Amino acid sequence: MYDIKELSKIIGDDARVIYGDGIEHKYLSDILGRKKGSASALVFARSTEEVSAVLKFANENDIPVTPRGAGTNLVGSTVPHYGAIILDLSLMNRILEVDAENFTATVEPGVILQDFQKHVESLGLFYPPDPGEKLASIGGNISTNAGGMRAVKYGVTRDYVMGLELVLADGTVVWTGSKNRKDTTGLDIKNMVVGSEGTLAVITRCLLKLIGRPELSKSLLICFGSLKSGIEAVPVILKKNLNPTAVEFIERKVVALGEKFLGLEFPDRESEAYLLLTFDGAKNEIENNIALLMDTVKDVSDRIIVLDDPEVSSNVWKIRGCLVKAVEATSEQEPLDIVVPINQIDGFVKYVNGLESESKMQMISFGHAGDGNVHLCVVRGDRDEETWEKELHANLEKLYAKAHNLGGLISGEHGIGISKRDFFFSEIPAANVALMNSIKNAFDPKRILNQGISYTK
């Protein structure tokens, strides 16, 4: 029989190990704080060696482990189960190297995204992945394969992970990847770990790809009489090879929530829907692309507003960025990140609006028109707990089924966690789930890492 307080000896610092009832609620949940798990200990690791020692102890004694970064996830991926050890990596937050000649950076997993981006940009470099939560950790971004608004041009987090130091469940430390831009040398282990939500290994070092910092960035707002008109314009824009950094869609009724929440105003208050675009790169390239864009959409849009005023541009993006918080300020809500083919966005949002009317449950949709990622807030309102849970589940079944029928998926960015497991298993073929769990077994034979999260059975 093991003594959980052996962890204090392993770490050698009582201040970095907390047991049982002394663990704060926030470490037992995710950023929403609604789902609470149980843990026997919380360990704040400072090094790969400490992570390795904790995992070796846990593996030898069959103790579950829940890796954790900044805790900003939305689907319960950091909710510990079965009296787990919570392995917090937030203190492993050093930028270890920026290699400007090879356009790479090596960081620890606890580095905060916005801090890292500011640092490399001060050196004339650029890290493109830009998920909405800027206070997330790099390790967390990798574990969920975070996307964001820039994905239409630059791709997602996976596209910028060149190497990972991993600690396996038994404490073994391995390195996978390199600074080489090409690699067909065996299976790509790092890409198995990206997006695995802490179920395969613990990330302790990250080698990331950088690019040169764009000279300039400029945004514009295209106003439409309907969302359908706006969505139909998206493939036309993309076919022109204008290479926008971001292409966001927002309906007027959703903009109004953000305006009220922040006390700011959109530069247009009449149109029914908008596309919000950003271009970055060289000044001449941006000017030429914006001119071509304006010519492309002039006959299908109501109005085109180039956001030359930095304050106006900033306010528009603040309104877009606050939408989830604006909803959360008025009521509990379930945040979804369904993804559908680009040409199905309008059809899906129409379905959402119809379901909202039929069910009398408020549903607020917006998102990334350039890649089909529809963010959707399903709002509780004044429903009691029992009614909320019952009606929410029924409506989620309908929403996910509709997305599936349109060729979509239940998650484009947030992951599966514990919130979406029922829907995941109902849509993903059993053979695929079995294969995922075979991979899990190869990495973690005793299944101590985030068991019960995502695909794990």
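Only a predicted model underlies this, so the values are computations on that prediction, with no experimental measurement involved.

Reading the values: the criteria
Residues numbered from 1 in each chain as written. Predicted model: local features only at pLDDT ≥ 70, side-chain atom pairs only at ≥ 80, totals over all residues. Heavy atoms only, no water. Helix = DSSP H or I, 4+ residues; strand = E, 2+ residues; numbered from the N terminus. Rg over C-alpha atoms; globule rule 2.2 N^0.38 Å. Buried < 20%, exposed > 50% of the residue type's maximum accessible area, 1.4 Å probe, protein only. Contact = heavy atoms within 4.5 Å. Areas by Shrake-Rupley, 256 points an atom, 1.4 Å probe, with all protein chains shown as cover. Lys, Arg positive; Asp, Glu negative; His and termini not counted. Charge placed at Lys NZ, Arg CZ, Asp CG, Glu CD. Expected span 1.5 Å × (residues − 1). Phe/Tyr/Trp six-rings, centres within 6.5 Å; stacked < 30°, edge-to-face > 60°. Lys NZ or Arg CZ within 6 Å of the ring centre and 35° of its normal. 1 Å grid on protein atoms, 1.4 Å probe; cavity = no way out; pocket = protein on both sides within 12 Å on 5 of 7 lines; lining within 4 Å. Points joined across faces, edges and corners; volume = space filled by probe spheres on them. Nonpolar A, V, L, I, M, F, W, Y, C, P; charged D, E, K, R; others polar.

### Focus on the overall build of the protein
Right, on to step 1. The helix and strand inventory of the protein stands at 15 helices and 18 strands.
Right, on to step 2. In terms of overall size, the protein behaves like a compact globule, its C-alpha atoms giving a radius of gyration of 23 Å where 457 residues would be expected to give roughly 23 Å.
Right, on to step 3. A principal-axis box enclosing the C-alpha atoms of the protein has dimensions of 75 × 60 × 45 Å.
Right, on to step 4. Counting every position in the protein, which comprises 457 residues, the buried fraction comes to 54%.
Right, on to step 5. Considering only intrachain contacts with a sequence separation of at least 6, the fraction spanning at least 24 residues in the protein is 72%.
Right, on to step 6. When the accessible surface of the protein is split by element, carbon and sulfur atoms take 50% of a total near 19600 Å².
Right, on to step 7. Within the protein, the 63 negative side-chain charges are centred at a point lying 1 Å from the centre of the 50 positive side-chain charges.

### Quick notes on helix H7 (residues 227-239)
Right, on to step 1. With 13 residues, H7 extends 19 Å from end C-alpha to end C-alpha; this agrees with the ideal 18 Å at 1.5 Å per step.
Right, on to step 2. What H7 keeps buried is the set Leu227, Gly230, Ile231, Ala233, Val234 and Ile237.

### Some details on the packing of aromatic side chains
Right, on to step 1. Under the defined criterion, the tally for this structure stands at 8 aromatic pairs.
Right, on to step 2. Ring centres 6.2 Å apart and planes at 85 degrees place the aromatic pair Tyr2 and Phe57 in the edge-to-face group. Separated by 55 residues along the polypeptide, Tyr2 in the segment before helix H1 (6-11) and Phe57 in helix H2 (residues 48-60) bring together distant segments of the chain.
Right, on to step 3. Measuring from centroid to centroid gives 5.7 Å for Phe126 and Tyr154, while their planes differ by 70 degrees, and the two rings are edge-to-face. In this pair, Phe126 is assigned in strand E7 (residues 125-126) and Tyr154 in helix H5 (residues 151-154), connecting sequence segments 28 residues apart. No difference in accessibility class separates Phe126 from Tyr154, as the two residues are buried.
Right, on to step 4. Across from the ring centre of Tyr160, 5.0 Å away, lies the NZ or CZ of Lys209, which sits over that ring.
Right, on to step 5. For the cation-ring pair, Lys457 lies above Phe425, with the distance from its terminal atom to the ring centre recorded as 4.6 Å.

### A look at empty space enclosed by the protein
Right, on to step 1. Counting across every chain of the model gives 2 cavities of 30 Å³ or more.
Right, on to step 2. Pro64, Val65, Thr66, Val79, Pro80, His81, Tyr82, Ala84, Ile448, Asn450, Gln451 and Ile453 are the residues that line the largest cavity.
Right, on to step 3. Grouping the amino acids of the lining of the largest cavity by side-chain chemistry returns 8 nonpolar, 4 polar and no charged.
Right, on to step 4. By volume, the second largest cavity is sized at about 30 Å³.
Right, on to step 5. In terms of lining residues, the second largest cavity is bounded by Lys153, Leu242, Asn243, Phe279, Asp280, Glu285, Ile286 and Asn289.
Right, on to step 6. Elements supplying a minimum of two residues to the lining of the second largest cavity: strand E14 (273-281) and helix H9 (283-297).
Right, on to step 7. If one sorts the elements of the lining of the second largest cavity by residue count, H9 sits on top with 3 residues.

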